[in-house]
Amino acid sequence: MSPEAPNLPLRERKIDVFFAAVFSVFTGTSLISDLLPTIGVDFSRPTGNFFVDSNYWYAHDADPLFMHPPDWMRIVTGLSAFVYLPFYVVLVWCLLTGRNGVQLFAVVYATMISTLTGIVVFGVEFFGDPATRTGNPGKFLAFNLPYVVIPLLLLVRMRKPLPFTRRF
């Protein structure tokens, strides 16, 4: 048996620094954006509250499904607010400290969010009932495509055992 290869230092794993930065941002967006529709906050008009107004600014012309979420969409945003958010915190720590044990959880997460966002949400926003279709596809994709692409890149990063023993 050969001994386990040592992890590369973080300075040699620049992709993990990139992922840590992106998932730190995702932590904030889960808290700011996804918590509000989950708990039923109305952001269908500006109120002077930064969080409400931020969600209104995004959703009023780009995401009617997010602005007026049916119950199933509130479950999707609830996953982000209460499951993904804590995972992001753990993932960032694991990426920065080289904890190989996060691999399986990262694969499960990447598969889940890519499926929910990439297939379900995008499908409804682009091909669903006209009332739920995006009126501003460019803005919608600018805000939502990273939540599909970045997890898919993470999936590629975590494709082999001991991900932190190699650069990518």
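Residues numbered from 1 in each chain as written. Predicted model: local features only at pLDDT ≥ 70, side-chain atom pairs only at ≥ 80, totals over all residues. Heavy atoms only, no water.

Peer 1: So what's going on with helix α7 (residues 146-157)? Residues and values would help.
Peer 2: Over its 12 residues, α7 runs 16 Å from end to end, which matches the ideal 16 Å to within 8%, given 1.5 Å per residue. Restricting attention to buried positions, one finds in α7 the residues Y147, V148, I150, P151, L154 and R157. On its buried face, α7 is in contact with α1 (14-38), α4 (71-97), α5 (103-127) and α6 (137-144). (Helix = DSSP H or I, 4+ residues; strand = E, 2+ residues; numbered from the N terminus. Expected span 1.5 Å × (residues − 1). Buried < 20%, exposed > 50% of the residue type's maximum accessible area, 1.4 Å probe, protein only. Contact = heavy atoms within 4.5 Å.)

Peer 1: Outline the packing of aromatic side chains, supporting the account with residue identities and numerical values.
Peer 2: The final tally for this structure, using the stated rule, is 19 aromatic pairs. Judged by centre distance (5.9 Å) and plane angle (75 degrees), the ring pair of F23 and Y109 falls under edge-to-face. Placement of the pair is F23 in helix α1 and Y109 in helix α5, with a sequence separation of 86 residues. Take Y109: its relative accessible area is 3%, and that puts it in the buried class. The interplanar angle of 85 degrees and the centroid separation of 5.4 Å between the aromatic rings of Y84 and Y109 together place this pair among those described as edge-to-face. Placement of Y84 in helix α4 and of Y109 in helix α5 is noted, with a sequence separation of 25 residues between them. With respect to burial, Y84 and Y109 carry one shared label: buried. The structure contains a cluster of three or more aromatic residues connected by ring pairs, namely F18, F19, F23, F26, Y84, F87, Y88, Y109 and Y147. (Phe/Tyr/Trp six-rings, centres within 6.5 Å; stacked < 30°, edge-to-face > 60°.)

Peer 1: I'd love a proper account of the environment of N144, names of residues and values included.
Peer 2: By the element assignment, N144 lies in helix α6. Taking the relative accessible area as the measure of exposure, N144 reaches 15% and is therefore buried. On a C-alpha basis, the gap between N144 and T132 in space is 15 Å, while along the polypeptide they are 12 residues apart. Residues in contact with N144, not counting those within four places in the same chain, are Y58, D63, T117 and F122. In terms of polar contacts, N144 uses its side chain to reach the backbone carbonyl oxygen of F140, at 2.9 Å. (Polar contact = N/O pair within 3.5 Å; in protein donor to acceptor, adjacent residues only side chain to side chain.)

Peer 1: Explain unusual backbone geometry to me, using residue names and the numbers behind them.
Peer 2: A positive phi angle is found at L162, which is not glycine, with a value near 55 degrees. When you line up the elements, L162 lands in the segment after α7.

Peer 1: How would you explain α1 if you had to name every residue and give the values?
Peer 2: Between its first and last C-alpha atoms α1 spans 35 Å; for 25 residues at 1.5 Å apiece the expected length is 36 Å, and the two agree. At S30, α1 shows its maximal bend, which comes to roughly 35 degrees. Looking at α1, one finds that the buried residues are D16, F19, A20, V22, F23, F26, T27, S30, D34, L36, P37 and T38. On the buried face of α1, the contacting elements are α2 (50-62), α3 (64-67), α4, α5 and α7. Looking at the residues trailing α1, positive phi occurs at G40, about 85 degrees. (Bend = angle between axes of the 7 residues up to and from the residue.)

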